[in-house]
Amino acid sequence: MKWLRSDNYSIPTVLAIGLHASIVVAGLVAIDFSDDEPPRPKRPPIVNATVVDVSQTIIGKRESDERAAKQQAAALAEQKKKEAEQSRKKEAERKAAEEQQKQLAQARQAKEAKEKEAQKQENERKQKAAEQKRIAQEAESKRLAQEQADKKRQAEKEANEKQKKELARKAEADRLAEEERKRQEEAARLAEKKKAEEAAAKAAAEEAKQRAADEAQMVQSISGLINNRVTAAWIRPPSARNNMKTQLRIYFLPNGEVMNVQVTAGSGDALFDQRAVDAVYKVRKIDELAKVDSYVFERNFRQVDLIFNPQDLRN
């Protein structure tokens, strides 16, 4: 409660008031108000009051000490704050000074390094220029020596060339004469060869023409023979009609035997097509093919496309 707090003056005040009130009450009780005694002259009551200095009490001293301690602590804190602020400012100024010194040192080092690099480059340039000059002088000396040697060799070469040209001119004249003689002989030989080749080519052409004609006639003849034999072996189905045709691909062996048959284009009637295939297998073998030259067989009869189109069908 706030009445009991050490910094509250309520309790001392109440005690002082109570003390004064007790003295007043005691004085009133001591006065006799009865009529038996003659009235005494009234005198003002004597009150013994003591002024209490709160600051001299234990509570007051403690409060005073606490206030002094607080004020001292506050002053000390303020002093420390000021000292810390001054220390921080000094530290900041010190760091700024150090940074400035560091930057100045870096700038000085960079300037020195740049000057050293420039001096180094200048020295290298001078050395390079001196080396180039020395090389140029050596090259000029070598060039002059080489030029003199070249002039000497050129004079010798021209003399040799002149002699060689004379010999070459004579040799060339002899060579041209020999080449002309050989050319005439070669021209005569080529003319004779060309004449013989033309005659042989003409004979070969005539022979090839005759052979092609014979081959075409033989192919036509055997093709007709194959068609006739397939037609003869064919059994006409009831559904067969005029203009119906089946395209067959027949594979023969060199001895003339039928190896395989395929329908490459049907007639639209499956039975008509199958009867055509059956007719080829019935023929089984064309003996005439065994007598055909191999190159003619491979070119014309290894694979034969046959259009099976009998003409004696009903409309």
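Our structure's up above, just so we're on the same page.
Per chain, the residues get numbers from 1 upward, laid out in the order the sequence is written. Restriction of local features to residues with pLDDT of at least 70 applies here, the model being predicted, together with a cutoff of 80 or more for giving and counting side-chain atom pairs; totals for whole chains, interfaces and linings are based on all residues. With hydrogens and water stripped out, all remaining heavy atoms of the structure feed into the side-chain values.

Chemist: Looking at this model, I keep getting lost on the packing of aromatic side chains. Mind explaining?
Modeler: The way to describe two aromatic rings as a pair is by their centre distance and the angle between their planes. Two rings from Phe, Tyr or Trp (for Trp, the six-membered ring) form a pair when their centres sit within 6.5 Å of each other. Planes less than 30 degrees apart are called stacked, planes more than 60 degrees apart edge-to-face, and all others tilted. Here the structure, examined in full by the defined rule, presents 3 aromatic pairs. Between phenylalanine 272 and phenylalanine 308, the ring centres sit 6.3 Å apart and the planes meet at 50 degrees, which makes this aromatic pair tilted. Of this pair, phenylalanine 272 sits in helix 3 (residues 270–283) while phenylalanine 308 sits in strand 3 (residues 303–308); the two residues are 36 residues apart in sequence, bridging distant segments of the chain. Three labels apply to residues, based on accessible area from a 1.4 Å probe with only protein chains included: buried if under 20% of the type maximum, exposed if over 50%, partly exposed otherwise in between. You can call phenylalanine 272 buried: its relative accessible area is 0%. Connected via pairs of aromatic rings, a cluster forms that spans Trp234, Phe272 and Phe308. In this text, helices come from DSSP runs of H or I with a minimum length of four residues, and strands from runs of E with a minimum of two, each type numbered from the N-terminal end.

Chemist: I'm lost on the nonpolar core in this one. Help?
Modeler: If you look at soluble globular proteins, the nonpolar side chains tend to sit buried side by side. Ranked by size, the top nonpolar core spans 28 residues in total, and within it Val230, Ile250, Phe252 and Phe301 carry the most contacts. Of all the secondary-structure elements, those providing two or more residues to this core are helix 2 (58–233), strand 1 (246–252), strand 2 (258–265), helix 3, helix 4 (294–300) and strand 3. Residue contacts are defined here by distance: any two heavy atoms, one from each residue, within 4.5 Å place the two residues in contact. Leaving out residues up to four positions away in the same chain, phenylalanine 301 has contacts with Val219, Ile222, Ser223, Phe252, Leu289 and Val296. Side-chain atoms within 4.5 Å are what join buried Ala, Val, Leu, Ile, Met, Phe, Trp, Tyr and Cys residues into a set we call a nonpolar core.

Chemist: Would you take a moment to explain unusual backbone geometry for this structure?
Modeler: The general pattern is negative phi for most residues beyond glycine and trans for most peptide bonds. One non-glycine residue, asparagine 243, lies in the positive phi region at around 70 degrees. In this structure, asparagine 243 sits in the loop between helix 2 and strand 1.

Chemist: What is the right way to read helix 3 from this model?
Modeler: In an α-helix, one turn spans 3.6 residues; hence positions three or four apart end up facing the same way. Taking 1.5 Å as the rise per residue, helix 3 with 14 residues should run 20 Å; its terminal C-alpha atoms sit 20 Å apart, in good agreement. Among the residues making up helix 3, those that are buried are Phe272, Asp273, Ala276, Val277, Ala279, Val280 and Val283. The arc that holds every buried residue of helix 3, seen down its axis, measures 155 degrees, which confines them to one face. The term polar contact refers here to a pair of N or O atoms within 3.5 Å; inside protein, the definition further demands a hydrogen-donor-capable atom paired with an acceptor-capable atom, and it admits residues adjacent in sequence only when both atoms are side-chain atoms. At the N-terminal end of helix 3, a side-chain oxygen is found 2.9 Å from the backbone nitrogen of leucine 271, two or three residues along, and the residue is aspartate 269. Remark: arginine 284 follows helix 3 within two positions and exhibits a positive phi of approximately 70 degrees. What a helix should span is 1.5 Å times the count of its residues minus one. The directions from the helix axis to the C-beta atoms are what the arc is built from.

Chemist: Just to check I follow, could you spell out the side chain of aspartate 273 for this structure?
Modeler: Take aspartate 273: it is sitting in helix 3. By the counting rule applied here, Lys and Arg register as positive and Asp and Glu as negative, while His and the ends of each chain are not counted. Definition used for salt bridges: Asp or Glu carboxyl oxygen within 4 Å of a side-chain nitrogen of Lys or Arg. Arginine 275 provides the closest opposite charge to the buried, unpaired aspartate 273, separated from it by 11 Å. When neighbours within four sequence positions are excluded, aspartate 273 is seen to be in contact with Thr246, Gly266, Ser267 and Gly268.

Chemist: Explanation requested: the pairing of strand 2 in the structure shown.
Modeler: Both faces of the sheet carry side chains from a regular strand, because those side chains alternate between them. Here, any two strands with at least 2 DSSP bridges between them count as paired. Inspection of the sheet shows strand 1 paired to strand 2 by 6 bridges, in the antiparallel sense. Looking across to strand 2, one finds that leucine 248 is bridged to valine 263.

Chemist: Can you walk me through the sheet that holds strand 3 in this structure?
Modeler: Pairing is antiparallel in the open sheet, where 3 strands are placed in the order 2-1-3. The open sheet has two edge strands, strand 2 and strand 3, and neither has a second partner. For this sheet, the mean inter-axis angle between neighbouring strands, taken without regard to orientation, is 25 degrees. Sitting on the sheet, helix 3 is in contact with strand 1, strand 2 and strand 3, with an inclination near 160 degrees to strand 2. To get an axis, a line is fitted to the C-alpha atoms, and for a helix only the part in contact is used. The angle between two axes follows their N-to-C directions and goes from 0 to 180 degrees.

Chemist: When you look at the pattern of salt bridges in this model, what are you seeing that I'm missing?
Modeler: A side chain of one charge can pair with a side chain of the opposite charge when the charged atoms of the two come close. Throughout the structure, instances matching the rule amount to 24 salt bridges. Put simply, glutamate 207 and arginine 211 hold a salt bridge, and the shortest N to O gap is 3.7 Å. With a gap of 4 residues between them, glutamate 207 and arginine 211 both fall in helix 2, about one helical turn apart. The shortest N-O distance in the salt bridge between aspartate 287 and lysine 285 comes to 3.9 Å. Each of Glu140, Arg143, Glu147 and Lys151 takes part in a single network of salt bridges with overlapping partners.

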